[in-house]
Amino acid sequence: MDIQALVTAQRAYFSTGATLPLSARKTALKRLQRAIRAHEADILAALRSDLNKSPAESYMCEVGLTLSELSFVEKRLARWMKDKSHLTPLAQFPARSFTVQEPYGVVLIMSPWNYPFLLTMEPLIGALAAGNCCAVKPSAYSPAASAVIRDILAECFPPELVSVVEGGRAENQALLDQKFDYIFFTGGVEVGKEVMARAARHLTPVTLELGGKSPCIVDRTARLDLAAKRLVFGKLLNCGQTCVAPDYLLIDRQVKDRFLALVKKWITAMYGQNALDNQGYVRMINQKHFDRVTGLIDPAKVVFGGKSDRSTLKIQPTVLDNVYPEDPVMLEEIFGPVLPVLAFEDVQEALDFVNARPRPLALYLFSRDKKVQQLFLRRASFGGGCINDTIIHLATSRMGFGGVGNSGMGHYHGRDSFDTFSHGKSVVKKSSLIDLPVRYAPYTPVKDRLLRLFLR
């Protein structure tokens, strides 16, 4: 594919104004919605092929969330597109102040392999709703999902509006050589740094949805059985290959043993005595990732699981106890079904541990103590999270989702997606009937007094 020609064609199409009307944007969203419903079986089959996701998990975490986002955005788009009025300062009387939302133009969306359909479509929905043309680059690590995304988008849109670029590193580099008006990237921290550096050459704004080591803190007041159940759900969804998965557990020493017994109970209840035999248990995406995650398992610290099958790329849900901060499993994002456990004596110790590390994409606190809840909400910095649950904060179109610091920048979902792919132009429409002289030279004592009256 001639990537430069693609960008040129999309820029020419955008310049015609064809993407700007509300009718054009809603038509695009409705076409996408119909195509997803028509190709649901193909999407589920692709996710099974790439990651061994079960149909239920694929619908819950990818297809269903995408359709929900489409419906939410399409119903509210007309309201979001309207000019927003603002109060005009007295010094500018008579005038009207308002903000106009305009699309950036030609945008690049680079999506990951772990939720390949959802994390391609959700930013695309925002980009189309805002009136942009889009180049979409799915991950080469999930080839089946990449192919079905290509087919669906080719069926819905002409290439000058939306086009899919498949391939690996060479295609990524070629895309980043182009001048886009906005780049939306979801992936790892190191690649995110490279994307931002390349975007800086053209002063292209970026949204980076990255990751990091998201902590789960459980204090002695938590409902331990429910906390264990919800932790296991969040940790093992997509076999831990989730950017907001609980990466490690900080647990009050007084309840640690009881809690770990409950964690083991719920792992067995959800995935059986040996998850390697569970046909619906997700596998690692590839051999490289399998080897990296299994290399983080210290056999001496395994209290549950620890086994793996290289032929199927599956790793048992694994709990590691008596972990130290300097252990290899604590030095990088795990992105797999391995849960390191560290004990604390008091919640301040847990807070200090979290704050001494790069800001995580998510934080999960299980506690019934309102003072402890407020302590972490006000004193810990993280992208988003849950109190007494995991993961679910991202499964809504009514709140923005994004990272902070090392875990990313920018937000999307619902209105935040529309705003992310739009530039808000601030405009003052001044009356030509009256022209107050106070702002014009020469500046007399009378004008000085009037200026001080208006501007204070």
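Residues numbered from 1 in each chain as written. Predicted model: local features only at pLDDT ≥ 70, side-chain atom pairs only at ≥ 80, totals over all residues. Heavy atoms only, no water.

**Let's talk about the overall build of the protein chain**
And then number 1: Secondary structure summary: the protein chain contains 15 helices and 18 strands in total.
And then number 2: Relative to its length of 456 residues, the protein chain is compact, with a C-alpha radius of gyration of 25 Å against a globular reference of 23 Å.
And then number 3: Once the C-alpha set of the protein chain is aligned to its principal axes, its extents read approximately 80 × 55 × 35 Å.
And then number 4: In the protein chain, which comprises 456 residues, the share counted as buried stands at 51%.
And then number 5: Intrachain contacts of the protein chain at a sequence separation of at least 6 include 72% that bridge at least 24 residues.
And then number 6: Looking at the protein chain as shown, the accessible area adds up to about 20,500 Å², and 55% of this sits on carbon and sulfur atoms. (Helix = DSSP H or I, 4+ residues; strand = E, 2+ residues; numbered from the N terminus. Rg over C-alpha atoms; globule rule 2.2 N^0.38 Å. Buried < 20%, exposed > 50% of the residue type's maximum accessible area, 1.4 Å probe, protein only. Contact = heavy atoms within 4.5 Å. Areas by Shrake-Rupley, 256 points an atom, 1.4 Å probe, with all protein chains shown as cover.)

**Points about the sheet that holds strand 3 (residues 106–110)**
The strands making up a sheet associate through hydrogen bonds between their backbones, and the pairing can be parallel or antiparallel.
And then number 1: The mixed open sheet is built from six strands, whose spatial order is 5-4-3-6-7-17. At either margin of the open sheet sits one strand with a lone partner, and together these are strand 5 (162–164) and strand 17 (408–409).
And then number 2: Strand direction decides the pairing type here: strand 6 (residues 182–186) and strand 7 (residues 206–209), joined by four bridges, are parallel. Counted as the bridge partner of Phe185 is Leu208 from strand 7.
And then number 3: Strands in contact with helix 1 (residues 3–15) are strand 3, strand 4 (133–137) and strand 5; relative to strand 4, the strand with the most contacts, it is inclined by about 155 degrees. (Pairing = 2+ DSSP bridges. Axes fitted to C-alpha atoms, helices over the stretch in contact; angles between N-to-C directions.)

**What to know about the packing of helix 2 (residues 22–38) against helix 6 (residues 143–156)**
And then number 1: For the pair helix 2 and helix 6, interaxial distance at closest approach is 9 Å and the crossing angle is 135 degrees. If you check the angle between helix 2 and helix 6, you find them oblique. The crossing of helix 2 and helix 6 is right-handed. Across the interface between the two elements, Arg31, Leu32 and Ala35 from helix 2 touch Ile152, Leu153, Glu155 and Cys156 from helix 6.
And then number 2: Its residues placed into classes, the contact of helix 2 with helix 6 shows five nonpolar, no polar and two charged. (Parallel < 35°, antiparallel > 145°, perpendicular 65-115°, else oblique. Left-handed = near helix turned anticlockwise from the far one by under 90°. Nonpolar A, V, L, I, M, F, W, Y, C, P; charged D, E, K, R; others polar.)

**A closer look at the sheet that holds strand 1 (residues 84–86)**
And then number 1: The three strands are arranged 1-2-18 in an open sheet whose pairing can be described as antiparallel. Bordering the open sheet on either side are strand 1 and strand 18 (422–430), each of which pairs with just one other strand. Pairs of neighbouring strands in the sheet enclose a mean axial angle of 30 degrees, with direction left out of account.

**What to know about the packing of aromatic side chains**
And then number 1: Evaluation of the coordinates by the stated rule reveals ten aromatic pairs.
And then number 2: Ring centres 5.9 Å apart and planes at 45 degrees place the aromatic pair Trp80 and Phe418 in the tilted group. Placement of Trp80 in helix 4 (residues 55–81) and of Phe418 in helix 14 (residues 415–420) is noted, with a sequence separation of 338 residues between them.
And then number 3: What makes Phe418 buried here is its relative accessible area of 2%.
And then number 4: With 5.4 Å between their ring centres and 65 degrees between their planes, Tyr271 and Tyr281 make a pair best called edge-to-face. (Phe/Tyr/Trp six-rings, centres within 6.5 Å; stacked < 30°, edge-to-face > 60°.)

**Description of helix 13 (residues 370–379)**
Along an α-helix, a turn takes 3.6 residues, which lines up residues three or four apart on a common side.
And then number 1: Here helix 13 has its buried residues at Val372, Gln373, Leu375 and Phe376. Down the axis of helix 13, the buried set is contained in an arc of 160 degrees. They therefore lie on one face. Seen from the buried face of helix 13, the exposed residues on the opposite side, beyond 90 degrees, are Lys370, Lys371 and Arg378. (Arc of directions from axis to C-beta.)

**A word on unusual backbone geometry**
And then number 1: Backbone torsion omega between Phe93 and Pro94 reads -5 degrees, so that peptide bond is classified as cis.
And then number 2: Mapped onto the fold, Pro94 is located in the loop between strand 1 and strand 2 (95–103).
And then number 3: Across the junction of Ala441 and Pro442, the peptide omega takes the value 5 degrees, indicating a cis bond.
And then number 4: Of note in the backbone geometry, Leu313 takes a positive phi value of approximately 60 degrees without being a glycine.

**Section: the pattern of salt bridges**
And then number 1: Counted under the stated rule, the structure contains 22 salt bridges.
And then number 2: Salt bridges linked by common partners bring Lys26, Lys30 and Glu74 together as one network. (Salt bridge = Lys/Arg side-chain N within 4 Å of Asp/Glu carboxyl O.)

**What about the nonpolar core?**
And then number 1: In terms of nonpolar packing, the biggest core is built from 136 residues, with Leu32, Leu124, Leu153, Leu249, Phe259 and Phe376 touching the most fellow members.
And then number 2: Those residues in contact with Phe376 that lie beyond four places of it in its chain are Ile217, Val347, Ala350, Leu351, Leu363, Leu365 and Phe382. (Core = buried A, V, L, I, M, F, W, Y, C linked by side-chain atoms within 4.5 Å.)

**What to know about the side chain of Arg76**
And then number 1: Within the fold, Arg76 resides in helix 4.
And then number 2: Buried Arg76, no salt bridge; nearest opposite-charge side chain is Glu74, N-O distance 8.3 Å. (Lys, Arg positive; Asp, Glu negative; His and termini not counted.)

**Here's the deal with the environment of Pro340**
And then number 1: With respect to the helices and strands, the residue Pro340 is situated in strand 14 (residues 338–344).
And then number 2: Distance from Pro340 to Gly400, taken between C-alpha atoms, is 29 Å for residues 60 residues apart in sequence.
And then number 3: Those residues in contact with Pro340 that lie beyond four places of it in its chain are Asp247, Tyr248, Leu249, Leu320, Val323, Val329, Met330 and Ile334.

**Some details on a nonpolar patch on the surface**
And then number 1: A surface patch of nonpolar side chains, about 540 Å² in accessible area, is lined by Leu90, Phe93, Leu433, Ile434 and Leu436.
And then number 2: Turning to its location among the elements, Leu436 is positioned in the loop between strand 18 and helix 15 (445–454). (Patch = residues over 30% accessible without salt bridge, like charges linked within 9 Å, V, L, I, M, F, W, Y side chains within 5 Å.)

**Looking at the environment of Glu190**
And then number 1: In this structure, Glu190 sits in helix 8 (residues 189–200).
And then number 2: Residues Glu190 and Leu210, 20 residues apart in the sequence, show an inter-C-alpha distance of 9.2 Å.

**Overview of the pairing of strand 2**
And then number 1: Here three bridges tie strand 1 to strand 2, and the two strands are oriented antiparallel to one another. Along strand 2, the bridge assignment pairs Ser85 with Phe98.
And then number 2: Of the strand pairs in this sheet, strand 2 and strand 18 are connected by nine bridges, and their pairing is antiparallel. What sits directly across from Ser97, in strand 18, is Val428.

**Some words on the pairing of strand 9 (residues 248–252)**
And then number 1: Where burial is concerned, most of strand 9 is hidden: five out of the five residues are buried.
And then number 2: Where strand 8 (residues 215–218) and strand 9 come together, four bridges link them in parallel fashion. Each residue of the ladder has a partner; that of Pro215, found in strand 9, is Tyr248.
And then number 3: Taken together, strand 8, helix 9 (residues 224–236) and strand 9 form a β-α-β motif whose crossover is right-handed.
And then number 4: As defined by bridge partners, strand 9 adjoins strand 14 across four bridges and the pair is classed as parallel. Looking at strand 14, one finds that Asp252 is bridged to Phe344. (Right-handed = clockwise from strand over helix to strand, strands pointing away.)

So yeah, pure geometry; function would need other evidence.
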